[in-house]
Amino acid sequence: MTLSVAFTALAAAFLGNLWGHPQRLAEIPLVDPQFVQPSTIRTSYLQMIEMKADLSDFDCYACHEKGKPPPLRYDTNHNLIIPSEHSNITMVHGRHNRNNNCFNCHDEQNLELLQTRDGREVKMAESPPLCGSCHGPTYRDWEAGVHGRTGGHWNRAAGDFKRQICVDCHNPHQPGIPPRKPAPGPHPLHQAAKMAKSPAH
């Protein structure tokens with residue numbers, strides 16, 4: 001009898017809303033899409049091939065003569081003079097303007113290829129060995145999956161993974177990446193966690 005009275009009183013308390021409604025939690029703001037989208041900072045030649053994009057801008061021999069290296073011109077301070085046809089290029093690769101020779105990377109005998117420091121030929125779409133010929137530690141980190149972006153499956157049995165190449169993020173002529181705002185920290189879902197983190201008054 002006592003138990004049924006207690007349950008009836010408890011039910012009446014709930015129906016009468018004696019304790020009020022629980023506090024409504026603040027809505028969790030959505031994360032800026034730039035922090036979750038899988039696209040890279042820029043679109044590389046390889047990505048353009050995969051997208052079946054127009055590659056006419058990469059047809060060097062539409063303008064240059066095969067077998068004849070294009071002449072490079074420098075000003076009085078030994079700064080490379082960029083031809084008007086390549087005015088979209090800003091040459092800032094390396095400190096102190098020391099890497100201002102196109103043929104440090106491009107093969108002067110075949111403009112459709114790249115060349116490493118030791119003279120190996122590399123296809124435009126397979127540029128990481130070229131980058132690694134100067135940036136060895138970073139290249140090793142990239143090969144190990146520590147540097148750069150990797151997408152797909154961690155469990156190789158579940159599916160493939162894709163490692164973005166250097167030029168998917170770095171412009172080869174101006175490789176420095178501008179600073180970006182950091183992603184927001186994790187959102188504390190519970191009010192108690194928020195209160196614990198708030199400074200004492």
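Residues numbered from 1 in each chain as written. Predicted model: local features only at pLDDT ≥ 70, side-chain atom pairs only at ≥ 80, totals over all residues. Heavy atoms only, no water.

Caption draft 1: The arrangement of the overall build of the chain in detail. A count of helices and strands for the chain gives six helices and four strands. From first element to last, N terminus to C terminus, the chain shows the α and β order α-α-β-β-α-α-β-β-α-α. Its C-alpha atoms give the chain a radius of gyration of 29 Å, more than 25% over the compact-globule value 17 Å for 201 residues. Reported as C-alpha extents along the three principal axes, the dimensions of the chain are approximately 105 × 45 × 35 Å. Burial statistics for the chain: of 201 residues in total, 18% are counted as buried. Here the contacts in the chain between residues at least 6 apart in sequence split such that 44% fall between residues at least 24 apart. Only carbon and sulfur atoms are counted for the fraction: they give 58% of the accessible area of the chain, which is about 15900 Å². Within the chain, one finds 20 positive and 19 negative side-chain charges whose respective centroids are separated by 11 Å. (Helix = DSSP H or I, 4+ residues; strand = E, 2+ residues; numbered from the N terminus. Rg over C-alpha atoms; globule rule 2.2 N^0.38 Å. Buried < 20%, exposed > 50% of the residue type's maximum accessible area, 1.4 Å probe, protein only. Contact = heavy atoms within 4.5 Å. Areas by Shrake-Rupley, 256 points an atom, 1.4 Å probe, with all protein chains shown as cover. Lys, Arg positive; Asp, Glu negative; His and termini not counted. Charge placed at Lys NZ, Arg CZ, Asp CG, Glu CD.)

Caption draft 2: Highlighting the side chain of Ser44. The residue Ser44 is located in the loop between α1 (2-15) and α2 (45-50) in this model. Ser44 has contacts with Val167 and Asp168, leaving out every residue within four places of it along the chain.

Caption draft 3: Expanded view of the pattern of salt bridges. Summed over all chains, the structure comprises three salt bridges. The salt bridge partner of Asp32 is Lys181, with a shortest N-O separation of 3.8 Å. Taken together, the residues Asp32 in the loop between α1 and α2 and Lys181 in the loop between α5 (166-169) and α6 (191-197) connect sequence positions 149 residues apart. Residue Asp32 is classed as partly exposed on the basis of its relative accessible area of 31%. The salt bridge partner of Lys162 is Glu50, with a shortest N-O separation of 3.5 Å. Pair noted here: Lys162 is in strand β4 (residues 161-163) and Glu50 is in helix α2, with a separation of 112 residues, a long-range link. According to the relative accessible area criterion, Glu50 is partly exposed, its value standing at 46%. (Salt bridge = Lys/Arg side-chain N within 4 Å of Asp/Glu carboxyl O.)

Caption draft 4: Highlighting the packing of aromatic side chains. Following the criterion strictly, the structure yields two aromatic pairs and no others. Pairing Tyr45 with Phe58 gives two aromatic rings, centres 4.7 Å apart and planes at 50°, and the pair type is tilted. Linking Tyr45 in helix α2 with Phe58 in the loop between α2 and β1 (113-115), this pair joins segments that are 13 residues apart in sequence. Seen in terms of ring centroids, Tyr139 and Trp142 are 5.8 Å apart; in terms of plane orientation they differ by 20°. Their pairing is stacked. A residue pair is termed a helical-turn pair when its members lie 3 or 4 positions apart in one helix, as Tyr139 and Trp142 do in helix α4 (residues 136-144) at three residues. A residue is classified by how much of its surface remains accessible, and Tyr139, at 21% relative accessible area, is partly exposed. Classification of Trp142 as buried rests on a relative accessible area of 14%. Sitting over the ring of Phe161, Arg156 keeps its end group 3.9 Å from the ring centre. (Phe/Tyr/Trp six-rings, centres within 6.5 Å; stacked < 30°, edge-to-face > 60°. Lys NZ or Arg CZ within 6 Å of the ring centre and 35° of its normal.)

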